[in-house]
Amino acid sequence: MITSSTGPRPADFGDVRATNLAVVLRFVRDNAPCSRADIAASTGLNKATVSSLVADLIDRRLVRETGLTENRVGRPATMLVLDGSPYASIGLEVNVDYLTAVAVDLSGERLLSWRRAFPGATATPAQAVAAVAALTRRVVNRMTKDQRQVLGVAVAVPGLIGTDGTVRVAPNLGWHEVDLAGDLAKALRDPGFPIQVENDANLAVLAEHRFGPLGGTPNLVYLTGEVGVGAGVILDGRLRRGGQGFSGEIGHIQIDPQGPRCRCGRTGCLEAVAGIGVLVSTTDPAEVESEIDEVVRRAKAGDAATLDQLATVGRDLGRGIAIAANLLDPDAVILGGYYVPLAPWLLPAAADQARALSIAADFGGCEIVASTLGYGAAALGGAARVLDSVDSGRLPSP
Ligand SMILES: [Zn+2]
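Now for a look at the structure at hand. (Residues numbered from 1 in each chain as written. Predicted model: local features only at pLDDT ≥ 70, side-chain atom pairs only at ≥ 80, totals over all residues. Heavy atoms only, no water.)

## A short note on helix H3 (residues 47-59)
Right, so step 1: Its 13 residues place the ends of H3 18 Å apart at the C-alpha level, agreeing with the 18 Å of an ideal helix rising 1.5 Å per residue.
Right, so step 2: Listing the buried residues of H3 in full gives Val50, Leu53, Val54, Asp56 and Leu57. For H3, the arc enclosing every buried residue in end-on projection is 155°, short of the 170-degree limit, so these residues lie on one face. Away from its buried face by more than 90 degrees, H3 exposes Ala48 and Asp59.
Right, so step 3: N-capping of H3 is provided by Asn46, with a side-chain oxygen placed 3.1 Å from the backbone N of Ala48.
Right, so step 4: Looking one or two residues past H3, Arg61 carries a phi angle of roughly 60°, positive in sign. (Helix = DSSP H or I, 4+ residues; strand = E, 2+ residues; numbered from the N terminus. Expected span 1.5 Å × (residues − 1). Buried < 20%, exposed > 50% of the residue type's maximum accessible area, 1.4 Å probe, protein only. Arc of directions from axis to C-beta. Polar contact = N/O pair within 3.5 Å; in protein donor to acceptor, adjacent residues only side chain to side chain.)

## Describing helix H9 (residues 304-328)
Right, so step 1: In this model, H9 (25 residues) spans 35 Å end to end at C-alpha, consistent with the 36 Å of a helix rising 1.5 Å per residue.
Right, so step 2: Every buried residue of H9 is listed here: Thr306, Leu310, Val313, Gly314, Asp316, Leu317, Gly318, Gly320, Ile321, Ala322, Ala324 and Ala325.

## Notes on the coordination of the zinc ion
Right, so step 1: Within the protein, His252 (ND1), Cys262 (SG), Cys264 (SG) and Cys269 (SG) serve as the donor atoms for the zinc ion, at 2.0 to 2.4 Å.
Right, so step 2: One way to put it: the 4 donor atoms around the zinc ion meet at angles of 105 to 120°, and that makes the site tetrahedral.
Right, so step 3: Sequence positions of the donors to the zinc ion reduce to the motif H-x9-C-x1-C-x4-C. (Donors = N, O, S within 2.8 Å, 3.2 Å for Na, K, Ca; no water. Tetrahedral: all angles 85-135°; square planar, octahedral: opposite > 155°, others 65-115°.)

## Here's the deal with the nonpolar core
Right, so step 1: The biggest cluster of nonpolar side chains holds 46 residues, and the ones touching the most others in it are Val24, Leu25, Ile39 and Leu57.
Right, so step 2: When residues of this core are assigned to their parent elements, the largest contribution, 8 residues, is made by helix H11 (residues 377-391).
Right, so step 3: Excluding residues that lie within four positions of it along the chain, Leu57 makes contacts with Leu21, Val24, Leu25, Leu62, Val63 and Leu395. (Core = buried A, V, L, I, M, F, W, Y, C linked by side-chain atoms within 4.5 Å. Contact = heavy atoms within 4.5 Å.)

## Re the sheet that holds strand S16 (residues 367-370)
Right, so step 1: Taken together, the 5 strands give an open sheet; going across it, the order is S14-S13-S12-S15-S16, and neighbouring strands pair in mixed fashion. Each end of this open sheet is capped by a strand with a single partner; those strands are strand S14 (238-239) and S16.
Right, so step 2: Relative to S16, strand S15 (residues 332-335) runs parallel, the two being bridged by 4 bridges. Opposite Leu335, over in S16, you have Ala370 as the bridge partner.
Right, so step 3: Here helix H6 (residues 200-211) sits on the sheet and contacts strand S12 (220-223), strand S13 (231-235), S14 and S15; the angle it forms with S13, its principal contact strand, is near 45°. (Pairing = 2+ DSSP bridges. Axes fitted to C-alpha atoms, helices over the stretch in contact; angles between N-to-C directions.)

## What to know about the environment of Met143
Right, so step 1: Its place among the elements puts Met143 in helix H4 (residues 125-145).
Right, so step 2: In contact with Met143, not counting residues within four places along its chain, are Ala88, Ile90, Ala103, Leu111, Leu112, Arg148 and Val150.

## A few points about the side chain of Asp56
Right, so step 1: Tracing the backbone through its elements, the reader meets Asp56 in helix H3.
Right, so step 2: Non-local contacts of Asp56, meaning those with residues more than four positions away in its chain, are made with Arg17 and Leu21.

## As for the sheet that holds strand S9 (residues 167-170)
Right, so step 1: Here 3 strands make up an open sheet; going across it, the order is S8-S9-S10 and the pairing antiparallel. Taken across any chain shown, the strands that pair with only one partner, and hence form the sheet edges, are strand S8 (160-161) and strand S10 (175-178).
Right, so step 2: With 2 bridges connecting them, S8 and S9 associate as antiparallel partners. Bridging across to S9, Ile161 finds its partner in Val167.

## Regarding the packing of helix H2 (residues 36-43) against H3
Right, so step 1: Following both chains from N to C, one finds H2 and H3 inclined at 120°, their axes separated by 9 Å at the closest point. Classified by the angle between their axes, H2 and H3 sit oblique to one another. Viewed along their axes, H2 and H3 form a crossing whose handedness is right-handed. Of the residues in H3, those touching H2 at Arg36, Ile39 and Ala40 are Lys47, Val50, Ser51, Val54 and Ile58.
Right, so step 2: Residue composition of the contact of H2 with H3, grouped by class: 5 nonpolar, 1 polar and 2 charged. (Parallel < 35°, antiparallel > 145°, perpendicular 65-115°, else oblique. Left-handed = near helix turned anticlockwise from the far one by under 90°. Nonpolar A, V, L, I, M, F, W, Y, C, P; charged D, E, K, R; others polar.)

## Section: the pairing of strand S6 (residues 110-117)
Right, so step 1: Where strand S5 (residues 98-104) meets S6, 7 bridges bridge the pair, whose relative direction is antiparallel. Residue pairing in the sheet places Ala103 in a bridge with Leu112 of S6.
Right, so step 2: In textbook terms, the turn of a hairpin is the stretch between consecutive antiparallel strands, and for S5 and S6 this stretch comprises 5 residues, one of which, Gly108, has a positive phi near 95°.

## Comments concerning the pattern of salt bridges
Right, so step 1: Throughout the structure, instances matching the rule amount to 17 salt bridges.
Right, so step 2: Between Arg210 and Asp391 there is a salt bridge, and its shortest N-O distance comes to 2.8 Å. Of the two residues, Arg210 is situated in helix H6 and Asp391 in helix H11; the sequence distance between them amounts to 181 residues.
Right, so step 3: Taken together, the shared-partner salt bridges connect Arg29, Arg210, Asp388 and Asp391 into one network. (Salt bridge = Lys/Arg side-chain N within 4 Å of Asp/Glu carboxyl O.)

## Examining the packing of H9 against helix H10 (residues 339-357)
Right, so step 1: One can describe the packing of H9 onto H10 by two numbers: an axis separation of 6 Å at closest approach and a directional angle of 55°. Here H9 lies oblique to H10, going by the angle between them. H9 and H10 meet at a crossing whose hand is right-handed. For the pair H9 and H10, the contacting residues are Leu307, Leu310, Ala311, Val313, Gly314, Arg315, Leu317, Gly318, Arg319, Ile321, Ala322 and Asn326 in the first and Tyr339, Leu342, Trp345, Leu346, Ala349, Ala350, Gln353, Ala354 and Leu357 in the second.
Right, so step 2: Here the residues of the contact of H9 with H10 are counted per class, giving 15 nonpolar, 4 polar and 2 charged.

Here is the structure:
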């Protein structure tokens, strides 16, 4: 049966205004310093409309005027730049062994970056909510003391997140059906800024897209290199979440039917053959970092067994990357988390294998690279997510 879908409804005036404000704000973000005439010429909005929109953005202290420029034909023009000094965007990450908080201003300048130990694998959801709320409160207090208004908070969680922000399941945290956004809002006594919850890989790829060396690249896949392996996917410049918000569970694609049992109960999943758990003996997440340091030390010393094991893991990782590349045709695949310190040994084997299994000639021009954003990538992506909301028209009130 063929069903016809209704077309877009006509937007009301408020929607049009918000959309146009967002268009101008994004133009200034990408082209500052720029003049009102530059905005009109590039966006197709008429000059009177641009003047009114810019006045509104100045009222909201999102944009400010800077000096005149004379190095162009005609009258000198007043130039515009992003302001953003009155604002802060906050990202947090809950993980099995730590909490991370990052705050940035409107232009993405880092205001603070905190990481603290947290027993995520053993804490109850209520304890986790209390800890995340306490950390959020400290960051918000710091921002308020610096005269900044908080635009929003986005929290990264390693799990399946519903489109309503509920954590459906986060296996490594032991969470089921946790309304983290709602619980946090309650714990913070309805703080007056939006709170979002998102999958950690999704936020990490947003961080790469906005802040990373491949920033602006329209098609990116980010792989988290933890005990679990998840993928964040940006295609055609937009995060792809799927129908339920569950896309990107590449860690449970079967790589080897004869492989070891995965924590999900199946056998030979990507994370069971190429997750960080393969390389460490500990099940205590607090110990993983030091064990990975030890693997790096042995690899640098040329230990044959270690190099062999890293090549095997790299090859299996390459099989997973080839599946992602054949399916999604990304411009780049970015390896994050503990894959970063291991990249000198994993990358060559992974790239060889991925190229061998790629249907596109020359691997479709896709690069495989290690992330440079560090362990705070998912939290930074939370801050990016909040800035994305502002850029798409959810502006703070004047
Ligand atoms: Zn699995």
